[in-house]
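Close look at the chain arrangement
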Amino acid sequence: ILDEPTAALSGAQSDKLHSIIKNLAGEGITFIYISHRLEDVRSISDTISVMRDGEIVKSAPASSYSIDDMISLMSGKVFAEDTKINKKIESGSLLLKVEKITNNYFSQSISFDCHAGEIIGIAGLAGSGRTELLKAVFGLTPIKTGRIVRIKEQKHELIDNACNAVKLGLGYLSKDRKKTGILNGHSLLMNLTLPGLSYLSSRFGIINQIKEVDVGQEYISKLAIKCSGLEQSIESLSGGNQQKVLLARWLYCNSEVLLLDEPTRGVDINAKHLIYEQLNELRRQGKVILVASSEIDELTRVCDRILVLSDYKLVKEFKRGDWTENDILAAAFQEYNTLKPRIKNEYINK
């Protein structure tokens with residue numbers, strides 16, 4: 001019984017695992033394979049059972065399903081196509097400027113600008129520096145040279161630590177919500193409102209509990225968070241609902257710059273599409289969002305630009321309409337010169 005076996009794997013690693021599974025299945029081993037990666041489920045399975053709200057709604061041969069069929073069965077509704085998810089919006093004023101930064105991870109300087117109304121993707125192989133770049137921008141890891149500038153009301157202010165970043169309107173969503181996201185042992189409400197307690201407190205530091213409850217109920221409704229109540233322990237929620245609580249933190253703080261590391265990892269299809277819709281709504285509101293993801297199809301679905309990292313170097317920038325998945329993968333491999341060309345070409349062709 002394999003529960004989300006490829007959640008933290010690259011494409012090549014997933015292919016290797018699937019090869020092992022198929023060989024063992026040929027020897028008579030039975031596998032129950034549970035995953036939100038629907039293409040993986042369809043390619044590896046003989047029979048697919050689709051569940052919704054704790055019940056099996058359909059079991060049939062894998063060949064009888066399309067991806068859209070599975071999405072509709074899982075959600076109970078038909079989702080909008082990609083063209084509706086990311087309509088063209090003209091980018092606005094400059095909100096964040098990363099100027100020639102280096103640190104212990106990035107020996108070559110990295111520079112890019114972020115404008116209002118943009119979703120900017122960060123692509124790359126596992127270990128290419130996606131997470132480290134977001135941490136550097138948020139001030140969680142120190143930089144050696146260069147600077148990170150927040151432009152707010154025509155003022156230019158430097159970001160040099162995470163506390164300063166939050167004050168300047170940045171929000172950060174870690175890819176490891178269990179270790180560096182949620183606060184275990186505490187309620188959904190506390191986890192949601194913690195970064196924004198200053199908005200709920202008097203000048204003497206007393207929290208307005210009635211207002212805090214109102215905020216919690218508002219975001220439970222807005223993000224369709226499934227829970228028994230505001231006092232439910234955060235760790236008892238599903239992974240997707242935990243992720244929605246963490247996103248709600250920064251929505252309540254009205255963060256203008258959101259740094260999201262694997263925002264849909266391990267969440268179900270309903271939560272994934274709701275997160276996509278929220279990102280697009282934030283984009284329409286003029287916020288800027290940086291999304292680091294191991295799923296290239298996710299980045300091509302929601303982003304206006306994609307920055308590609310390879311071995312801790314920024315090697316390529318693509319604009320919407322100018323990319324293909326093969327181009328992005330080729331750029332991601334650019335600095336890994338030890339990779340045999342045959343293996344590289346086979347991976348890119350996949």
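A brief report on the enclosed structure follows.

Calculation notes
Residues numbered from 1 in each chain as written. Predicted model: local features only at pLDDT ≥ 70, side-chain atom pairs only at ≥ 80, totals over all residues. Heavy atoms only, no water. Helix = DSSP H or I, 4+ residues; strand = E, 2+ residues; numbered from the N terminus. Buried < 20%, exposed > 50% of the residue type's maximum accessible area, 1.4 Å probe, protein only. Contact = heavy atoms within 4.5 Å. Areas by Shrake-Rupley, 256 points an atom, 1.4 Å probe, with all protein chains shown as cover. Lys, Arg positive; Asp, Glu negative; His and termini not counted. Charge placed at Lys NZ, Arg CZ, Asp CG, Glu CD. Pairing = 2+ DSSP bridges. Axes fitted to C-alpha atoms, helices over the stretch in contact; angles between N-to-C directions. Parallel < 35°, antiparallel > 145°, perpendicular 65-115°, else oblique. Nonpolar A, V, L, I, M, F, W, Y, C, P; charged D, E, K, R; others polar. Phe/Tyr/Trp six-rings, centres within 6.5 Å; stacked < 30°, edge-to-face > 60°. Lys NZ or Arg CZ within 6 Å of the ring centre and 35° of its normal.

The subject of this paragraph is the overall build of the protein chain. Broken down by element type, the protein chain carries 15 helices and 14 strands. Each of the three principal axes of the protein chain carries a C-alpha extent, and together these read 70 × 50 × 35 Å. The buried share of the protein chain, reckoned over its 350 residues, is 47%. Residue pairs in contact within the protein chain that sit at least 24 positions apart in sequence constitute 61% of those at least 6 positions apart. For the protein chain, the accessible surface area stands at approximately 17900 Å², while carbon and sulfur atoms represent 50% of it. For the protein chain, the distance from the average position of its 45 positive side-chain charges to the average position of its 44 negative side-chain charges is 4 Å.

Our next topic: the sheet that holds strand β5 (residues 94–102). One open sheet accounts for 4 strands, arranged β6-β5-β8-β9; its pairing is antiparallel. With one partner strand each, in any of the chains shown, β6 (110–115) and β9 (155–158) form the two edges of the open sheet. Each neighbouring strand pair of the sheet contributes to a mean axis angle of 15 degrees, computed without reference to strand direction. Bridge count between strand β8 (residues 145–152) and β9: 4 bridges; the pairing is antiparallel. Directly across from K152, in β9, lies its bridge partner K155. Where helix α5 (residues 130–138) meets the sheet, its contacts fall on β5, β6 and β8, and the angle it forms with β5 comes to roughly 115 degrees.

Turning next to the packing of helix α3 (residues 67–75) against helix α12 (residues 269–284). For the pair α3 and α12, interaxial distance at closest approach is 9 Å and the crossing angle is 95 degrees. In this view, α3 runs roughly perpendicular relative to α12, as classed from their interaxial angle. For the pair α3 and α12, the contacting residues are I71, M74 and S75 in the first and I269, N270 and H273 in the second. Partitioned by chemical class, the residues of the contact of α3 with α12 number 3 nonpolar, 3 polar and no charged.

Okay, α5 next. Among the 9 residues of α5, 8 are classified as buried, and the element is accordingly described as predominantly covered. Turning to α5, its buried residues are R130, T131, E132, L133, L134, A136, V137 and F138. Trailing α5 by a residue or two, G139 shows a phi angle of about 85 degrees, which is positive.

Here we take up the sheet that holds strand β7 (residues 118–123). Ordered in space as β10-β11-β12-β7-β13-β14, the 6 strands form an open sheet in which the pairing is mixed. At either end of the open sheet lies a strand with only one pairing partner, and these are β10 (170–173) and β14 (313–319). Across the sheet, the mean angle separating the axes of adjacent strands is 15 degrees when strand polarity is ignored. Bridge count for strand β11 (residues 257–261) against strand β12 (residues 288–292) is 5 bridges, and the pairing is parallel.

One pass over the full model with this rule turns up 6 aromatic pairs. Relative to Y172, the ring of F138 has its centre 5.3 Å away and its plane inclined at 25 degrees; by these criteria the two rings are stacked. On the criterion of sequence distance, the pair formed by F138 in helix α5 and Y172 in strand β10 is long-range, its members being 34 residues apart. There is no split in this pair, since F138 and Y172 are both buried. A connected cluster of aromatic rings, assembled from ring pairs, spans Y105, F106 and Y312. The lysine or arginine in question, K58, covers the ring of Y65, its NZ or CZ lying 5.0 Å from the ring centre.

Phi at E153 is positive, roughly 55 degrees, even though this residue is not glycine. As for its placement among the helices and strands, E153 is situated in the loop between β8 and β9. Classification of E153 as exposed rests on a relative accessible area of 72%. Unlike most non-glycine residues, Q154 shows phi in positive territory, near 65 degrees. Relative to the helices and strands, Q154 is located in the loop between β8 and β9. Classification of Q154 as exposed rests on a relative accessible area of 77%.

Coordinates in, geometry out; function isn't part of it.
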